[in-house]
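Architecture at a glance
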Amino acid sequence: SSHEYKLNFKKSKEACLSYIQDAMLQKQWKRAAEFLTFYIEALEKDFSREYMGPSEIVWRIGTEILCHHSHSSMKEFNSFIEQMKPLGVKRYLKVCLEHAFRLLCNGLIDEAYQNLSLAESWRYGEQPTIQDKEMKLIQAYGGLLDYCSWSKQKNILLEHGQDGLEDLSVEQEMHSCFRKAAMNLKEIIKVPGIWDQFVKCYVDLLEFYGDHNEARQVLNEYAYNSKFPANPNAHVYLYQFLKRHGESKKSLLSVLKILHDIVPSHELMIDFNIMLQKSKKRKKRQLGLEVIFAVLDYAGWKENVKAWSCLARQVKQIVSSEKHLDWIKQEWNPRKDWWPAFHFTHYLAKKNWQENESLSYEKALVAGILLGKDCKYFKYVSRQGCKAQVKRFRILKKFVNKHNPIYLRIS
Amino acid sequence: MEFPAALFPAHFGTGPPREEGGPAPAAGWGEHGQVLGALRGRRQARTTFIPRSGGTGESWEAADAAAVPLLPPNASSWVPSLAPQDILHRGVLRRKLQAGSCEAALDFTKQLSHFFVDHPEDAFGSLGQLLHQNFFLGDSQLRRKARECTIRMTALREDIDCLDARRGCPRQNLVPRLRWFSHLSRDWLFEVPLGVLADCVHEDLLLQWGSLLFNDSPTGGALAFLPPKDTRARTGCLVYPGGQAMNHLYFQDVVLEELPSAQGSPAQFELNGRIWQVAAARVDGEGEPAPGFIPWGAGGFPECCHLTCCFHSLPDFVGIRSDYHCGVWKVPGRTGAPPTPLQVIRTSLPASCLTVSPHLPGELAVCTQSGAIYLWSVETGLQRLRRDPQTMFFRDHSPWRWSDFTAHPRVLSCADRTGLQCLDTRAPERCHLDLFKVGEEAGCQQGERVVLPMYLGRANPSQHLVTTQFSVYVLDERLPLVPVLKWAHMMKAPPLFAHLAPGGPGRSHKVLLGTSRTQELLLLQYQGNFGRVFSTGGSQSACQLAGLPQKLHSISGCLQHLPTELPHQQHLLQQRLSVPAAGLAAVLQKDGLRESLLVFQLSEAGDVFCQRLTHRAAARPPTPTPGDGAAAAPGSSPLFDEPASSPQSSAECPQEPRGSHQPSPAASLRYRRWLKAFSKGCRDPPRPPTFGQKRLFTRKELQEPPAPSTQQRQARQRLRQAMRDGGCIQRWDPLPSALPEPPEPVEEPEDPLSTRLTAAWCGDWARWWEERSSSSLARRQQALRERRWRQKRARGRRSLSASFTSSLTYQSELSEHSDFPTLPLSPVLRGGVSPPAATLPLPTPSSPPPHEALRSSQSLSSRGIPKERRKTLRDYLAVCGDGPPELPASQASQAC
C-alpha cells in the first residue's frame, strides 16, 4: 500500500541520512558523498512536512562535503549552489547569503558582491518581505563591500595626492561607493542588533566627509537605545570617537561611568581609574578606588600588573596622606572575607614571585597595607625581595612597617 | 581578558522564540552563519573575512579503532535498568492506542496487579482475615445454606484464567461473574483506598516513564580526572563511582601511558546513595605548605625541593552528589596522600547540581529540586541564595536547577530549563542579571530547553557554555542575552556531559559533549583568542567555531573488536556495553612535540573506557581555492557522478581516516582480559551471602567441650532411642526454653479498647470478636478445657505409634488445641508460611481418622488444591481446626 511505501521510503531515507551524518562526523568525505548521491532521490518524493525538508538537508550537507572533499573546486561549488537556490523559495535569501559568505572567506570579493546584488533584486511574491532579516543583511554586507572598495579608492587617491596627481574618475567612483555604502549601512543600523563592523564603517565614512554630528548621533543611538542589546563595544566606539575629537573630560568620564555600570571588568576601566585618580574632586577619586577594586574582583584580572599597580598607587597615596582611610575601609570590608584566599595566599606569593616580579611587588604592597605586615603574601615576597637584594622591596618593607597600624584601623 | 573589538553581526529580537522547532538532522552543516571583515592596516586595501563557523581548526585523530577498557568490569553483578517494555502496553491495546495518537501507552493495570501480588498484606490484610470465612477455596459445590454468604474462589480463578487465555481476542467480553465480583467488592476490599493507590501508582509510572525518556539526574556526569600536578608527571587520579548500586566512590591513580593503566588499588569510600555527579576543581589560590615534607633524595636541597613540592601541592576539591546527600572530598596535591572527606550535607529533596568553585578553596554551589540554590562553604556552611519553585523566564514544569561559578568569585550563575541568571551572593535578592533566556534574544527554537550550563573559566574567565537539546551556545557575561557563538549540534539525545580542554594562546579550545542514552561523544573546537591573525582588530577576536565537529568512539563501538562469544553471552555483553553513559572526563597530555587528548567515558554499569586522540600539527583541511577546477580530475564532481570505486579512492585521500582498522595488540589484550573478567562475573549467578564460620565463632568457641554434661548425654541417648524406634521426640523432658514464653495474658483487661487494639495488632481480631460475643461462661469452660488439655499433654506420647492407638483422643485434643491461646496465629496467616514443625506438637497421621479427611493429601488434591499449598492449608486448619465446616480460604493462601 502507499502508506507502507511511504513509511519504508521514510525509513530508508532516515537510515541513509544517518550514514551520511556518521561519515561526515568522522571526516570520511568520500563515503558521505557516495551516500548523498543516493539521498538526492529524496528530493523527488518529498512527502515530509517536517521542520527541515530534504532540500535544505541536501543543501547543507552538499555544501559541507564540497568544502572538504579533496576533489572539489570552487566552480563546482558555485554550480551546486545555483542548483540549490531554486529548490527552496523560503530559504532563497539565506542560501544566497551563505554563498556570498563562502566566496568572501575564499577571498572572492567581486563574485560575492555580484551575488549579493543579484539577491537584493530578487522578487518572488511576498517572500522578500518574509525573509526580511536576510534581506537586511544582504544589503548591509553589500554596503560593507561598497565601503571596502571606497576605502581602496580612498587609499589610491591619498597615494596619488601625495604624488600631486588628481584622478577625477577615481574620485567620482569613490563618491558613488560612499553613497551606496552609506545608504545600505544606515538601514541596518536602525534595526536592533549587533552591528559592530557596520557601525564602525559607517562612522568612518561620516567622519571622512566631516559629518561629525551624524556620526555622534549614530554612536549615541547604538550605545543608548534600550532596544539594542547591552553591547560594551557600542560604548567603546562612542568613547573612542569622543576621544578622537578631543571632547571634554566630563563627557568621556560619563561614557566610562555607564560602561563601568554595565561591565565593571572592561579593560577601559584602567583608563577610567587613571582619569579619576588625576581628578581634583574627592568624589571622583573615591569612585576611582571603587572602580579599581571592582576590576580586581574578576578572575580575568588576577594577574594583571597594570591593574595592581593602579590600585597600589592609589592605596599608597591614601595611606601616606592618611586622609580618606575610610574609602579603603569601605571597599575592603565586603572583600576581606574572600580576597585573602583569592589573591594573597602563600601559593600565589611563590607563583607570582617566580613568574612576574613586578606583579608580586604591587600585590605585596596592597597586601601589606590591607592585611598588615604579618600577611603571608607580604611576608614571603618581601623576604624573597630582600634576599635577592632588590632595592624597591626593601623600601616596600619599610613603608609597610611604618604604616602597619593602618591595617588595624581599616579592618 | 579583553573584550573582542568587533563582534559578529546579529539581529536582536525580544520575546518568545518564533522559529518553529524540531529535531533537525543536518542543521549544523554548511553554514558560516556570519562573517567578520577585517581591514588590514590603513594602507592595505585588502580585506579578509573570517567565518563564525566552518573555519579551519586543528586536526585530531583517534589513535585506536575503538574505546579501550581502562579498568576491569565493575565487579559485582549488574542489574539491568528499567526498559520501556517493562512498563509499556503490549499487544492489541498498544496498537489501538498507537493508531489513535503517538503517546506511549503505559501498562497501568499490570503495575497495579503487580502491587497486589507482591504486597497482598498491605493491599488486603485485615479484610482478608475478616472475610476468610466467606471465601471458599475448595472445588466442590457449596451447600445451599453456605451459598448465601460464601463465594467460591476457584470459579473466579477459572474465569480469570480464561480471561488471560483470551487476551488479544477481539471478541473479548468480561465474564459476568468477574464483573459482578468487581462491582461488589471494588469499594471495600482494599486496605488502601483504590483511588488513592491508583493515583500513586500512576504518578510513579509517569515518573518512571519520564525518566526513561529523559533522566536529568546524571547531568554533569559522575567521572572526573584530576590531572597530574606537574605537567611532566604522568600520574593523575580518576574519580568514579562503582559497585552494584554505584554507591562506592573510588579514587584511582592512573598512569598516562600509550594505553593508560591503573596503578595500585584505589582509595574507596562507601556512600549511602547512588552517585550521580562527581565534580572537581583545582583552586590555584590555595597554597598549602607541606611542612617537613621532603621528597626522596632531596636531602641536599631542602629549600629548593620544598619550594617545588609546594608549587605542585595544590589540592583538588571533589564534590559528590547523590540524591539526598552531597559531600566534598579533598585530594591533597602530594602524590600518594589519601583523599579526605571534608563535609557532607543532607537535603530533604533530591539535589540536582553540585559544582566546585575554581576561585576559592572549599566553596561549592548546590541546587535542589525545590528550586533552592545554596552557596556551600566548608568553613562557614550553607548560605541560601534563592528559593523559588517557579522557573525564571516562563513557566516550565521541570524542578531541575543548576548553578555554576562566574568570573566574579562572589557571583554565581543559576539556571533552570528556561535560562540562566547571574546572582550576586552578597545581595541575592537585589542583584541579578539575565545571562541567557530561551527566546528570540538568543535565536532559540520553540520548545528548546536548557540542558547543561558550564562555566568555561579555564578558557576565558567570562565565558559560559549552555547546551540545549538542539544547540550549543557560548555566552559572555559582558554581553548578556546574546550568545557569542551558536551551533546546532545534531546529537540524537540532549548532551548531559561536557568537558573543556582549554587551548593555549593561538590554539583552539576543545569542548567535548556527551549524551547519556545514546553514548554519543562529540569534539568541538572554538577560538576566542586569535591574536596572530588580526593585529589591527585588537588582541581578542570574536568567538568562532573552528574546524568541524568530530565524533569520538562510543563504548558500544568496541563490541565488534571483542572476541565473539556464545550467543547468550554476546547478548549479555551487548546489553552491558550499550547501557547509557554516566560521565565524561578528559585530559590533555603533552609529550615532547606530540600532543594528545585522553578521553574517559563511564557507563551506568560502572565500566570505564578510554580513548586517545592525537594532534596532527601540520594537517590542514583542503579548502576549495579559486581556479583549482582545472587541477581537479576531469569530470570529478563528487556529488553527481557515479561513486568512484572505493579501494582506489581511499588510497588517494590520505586524510580520510580508515573506517575500521584493527585495534593495536595492546588494546586487543585489554579487550580479551576485560571480556574474561566479564564472562567470569556472568557465570557466577548472584548467590545469597554466606558467612565463614571462622568469623562468626572464635576458635575457642568452636572447640569441643571437654566432656558432655549429663543433660547432653541424656538428650543424645533419647535421640538415639527415638531414631531406633523410628519415632519422633515430642518434647524434651527437662523442658528447654526453646520456645519463648508467651506473655501472660492479663487477667483483667483494663479496658475493652486496649484489648481490642492488642488483638488487632496481633492479627486475631476476628477471634477477639468471637470471644467477646460469647458469654463469660463459655470462657470459663474454655479455661477448664485448657487446663485439662495441659494435664493430658503432660503425660504425653513418646512415639508416633502411640498416636495411632489414641487417634480419637488425639482428635479431641486437637480441637481443644485450636483454642490454645499462646500459639501465634498471625505468622501463619500473614506470610502463608507454615510455622516450624517444632512449634506444632502435631504428628502427621498416616492414616486419617474418618472426619479428618480434609487434612490428608489425597483429599486435598481431590479438591483441586495445588500441592504446594496443601501444607499451608493443613497447618492453617490445624490451627483453626474447630472452625467452620467449610474450607476457609485466606488471602495468604492465595498469595503463596
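Residues numbered from 1 in each chain as written. Chains lettered and ligands numbered in written order. Predicted model: local features only at pLDDT ≥ 70, side-chain atom pairs only at ≥ 80, totals over all residues. Heavy atoms only, no water.

Moving on, we come to the overall build of chain B. Secondary structure summary: chain B contains 24 helices and 35 strands in total. Going through the 896 residues of chain B one by one, you find that 47% of them count as buried. A separation of at least 24 residues holds for 58% of the contacts in chain B among residues at least 6 apart in sequence. Accessible surface, chain B: about 47,100 Å² in total, of which carbon and sulfur atoms supply 55%. (Helix = DSSP H or I, 4+ residues; strand = E, 2+ residues; numbered from the N terminus. Buried < 20%, exposed > 50% of the residue type's maximum accessible area, 1.4 Å probe, protein only. Contact = heavy atoms within 4.5 Å. Areas by Shrake-Rupley, 256 points an atom, 1.4 Å probe, with all protein chains shown as cover.)

To continue, consider the overall build of chain A. Scanning chain A for helices and strands turns up 23 helices and 1 strand. Here chain A has a C-alpha radius of gyration of 31 Å; the compact-globule value for 411 residues is 22 Å, and the former is much larger. Principal axes of the C-alpha set define a box for chain A whose edges measure 90 × 65 × 40 Å. Across the 411 residues of chain A, 54% fall into the buried class. With an accessible surface of roughly 18,700 Å², chain A has 51% of that area assigned to carbon and sulfur atoms. (Rg over C-alpha atoms; globule rule 2.2 N^0.38 Å.)

So, about a nonpolar patch on the surface. Residues and elements named next belong to chain A. There is a patch of nonpolar side chains on the surface, built from Y224, I258 and I262 and spanning about 220 Å² of accessible area. Looking at the element boundaries, I262 is found in helix α13 (residues 249-262). A residue is classified by how much of its surface remains accessible, and I262, at 34% relative accessible area, is partly exposed. (Patch = residues over 30% accessible without salt bridge, like charges linked within 9 Å, V, L, I, M, F, W, Y side chains within 5 Å. Salt bridge = Lys/Arg side-chain N within 4 Å of Asp/Glu carboxyl O.)

Attention shifts here to unusual backbone geometry. Backbone geometry places E322(A), a non-glycine residue, at a positive phi of 55 degrees. Take E322(A): it is sitting in the loop between α16 (305-321) and α17 (325-332). Even without glycine at this site, M246(B) takes up a positive phi of about 55 degrees. Residue position: M246(B) is located in the loop between β9 (235-242) and β10 (248-255).

Quick look at the sheet that holds strand β15 (residues 340-346) of chain B now. All names here are of chain B. Taken together, the 4 strands give an open sheet; going across it, the order is β12-β13-β14-β15, and neighbouring strands pair in antiparallel fashion. One side of each edge strand has no neighbouring strand; the edge strands of this open sheet are β12 (275-282) and β15. In this sheet, adjacent strand axes meet at a mean angle of 15 degrees when their direction is disregarded. The pairing of strand β14 (residues 325-331) with β15 spans 6 bridges and is antiparallel. (Pairing = 2+ DSSP bridges. Axes fitted to C-alpha atoms, helices over the stretch in contact; angles between N-to-C directions.)

Attention now goes to the packing of helix α10 (residues 196-208) of chain A against helix α12 (residues 232-244) of chain A. Each pair of packed helices can be described by the angle between their axes along with the distance between the axes. Residues and elements named next belong to chain A. Running from N to C, α10 and α12 point in directions that differ by 20 degrees, and their axes come no closer than 11 Å. Taken together, the axis directions place α10 and α12 in an arrangement best described as roughly parallel. When the axes of α10 and α12 are compared, the crossing they make is right-handed. On α12, the residues touching D196, V199, K200, V203 and E207 of α10 are N233, Y237, F241 and R244. Of the residues that constitute the contact of α10 with α12, the class distribution is 4 nonpolar, 1 polar and 4 charged. (Parallel < 35°, antiparallel > 145°, perpendicular 65-115°, else oblique. Left-handed = near helix turned anticlockwise from the far one by under 90°. Nonpolar A, V, L, I, M, F, W, Y, C, P; charged D, E, K, R; others polar.)

Okay, the sheet that holds strand β8 (residues 224-226) of chain B next. Residues and elements named next belong to chain B. Pairing is antiparallel in the open sheet, where 4 strands are placed in the order β8-β9-β10-β11. In this open sheet, the two edge strands, each paired with only one partner strand, are β8 and β11 (261-270). Ignoring which end each strand starts from, the neighbouring axes of this sheet average 25 degrees apart. When β9 meets β10, the two strands line up antiparallel, connected through 8 bridges.

All names here are of chain B. Mean pLDDT over chain B stands at 74; residues scoring 70 or higher make up 68%. Segment residues 619-659: pLDDT under 50, and 61 contacts once partners within four positions in sequence are set aside and those in other chains are kept. Counting interchain partners and residues more than four positions distant, the pLDDT-below-50 stretch residues 688-696 has 2 contacts. For this predicted complex, the interface confidence reaches an ipTM of 0.94, while the overall pTM sits at 0.76. (pLDDT = per-residue confidence, 0-100.)

For the rest of this paragraph, the subject is the nonpolar core. Soluble globular proteins tend to bury their nonpolar side chains together. Core analysis: the largest hydrophobic core is formed by 224 residues, its most contacted members being I61(A), L311(A) and F436(B). A per-element tally of this core places helix α8 (residues 132-163) of chain A first, with 10 residues. Contact partners of L311(A), with chain neighbours within four places excluded, come to L289(A), I292(A), F293(A), L296(A), W339(A) and V366(A). Core analysis: the next-biggest nonpolar cluster, separate from the first, contains 32 residues, L71(B), L238(B), F251(B) and L271(B) among them. (Core = buried A, V, L, I, M, F, W, Y, C linked by side-chain atoms within 4.5 Å.)

Residues and elements named next belong to chain A. A contiguous patch of positive charge, built from K379, R383, K387 and K397, is present on the exposed surface. With 3 residues, helix α21 (residues 376-387) is the largest single contributor of residues to the positive patch. Turning to its location among the elements, R383 is positioned in helix α21. (Lys, Arg positive; Asp, Glu negative; His and termini not counted. Charge placed at Lys NZ, Arg CZ, Asp CG, Glu CD.)

Residue and element names in this part refer to chain B. Most of β12 is tucked away: 6 of the 8 residues are buried. Two elements, β12 and strand β13 (residues 316-322), share 7 bridges in a ladder whose sense is antiparallel. Across the sheet, the residue bridging to R282 is D316, located in β13.

In this section: the packing of aromatic side chains. Residue and element names in this part refer to chain A. Enumeration according to the criterion identifies 33 aromatic pairs over all chains in this entry. A ring pair is formed by Y92 and W122, whose centres lie 4.2 Å apart and whose planes are at 20 degrees; its orientation type is stacked. Linking Y92 in helix α5 (residues 92-105) with W122 in the loop between α6 (109-120) and α7 (127-130), this pair joins segments that are 30 residues apart in sequence. Each ring, one from F178 and one from Y209, has its centre 4.1 Å from the other, and the planes form 40 degrees; the classification is tilted. (Phe/Tyr/Trp six-rings, centres within 6.5 Å; stacked < 30°, edge-to-face > 60°.)

Another point: helix α10 (residues 567-577) of chain B. Residues and elements named next belong to chain B. Taken as a whole, α10 has its buried residues at Q569, L573, R576 and L577. Seen end-on, α10 carries its buried residues on one side only, within an arc spanning 90 degrees. Those residues of α10 that are exposed and aimed more than 90 degrees away from the buried face are P567 and H568. (Arc of directions from axis to C-beta.)

Residues and elements named next belong to chain B. Inspection of the secondary structure puts S603 in strand β34 (residues 594-603). Exposure remark for S603: the relative accessible area of 1% places this residue in the buried category. Among residues more than four places away in sequence, those in contact with S603 are M246, I555, V579, P580, A581 and A582.

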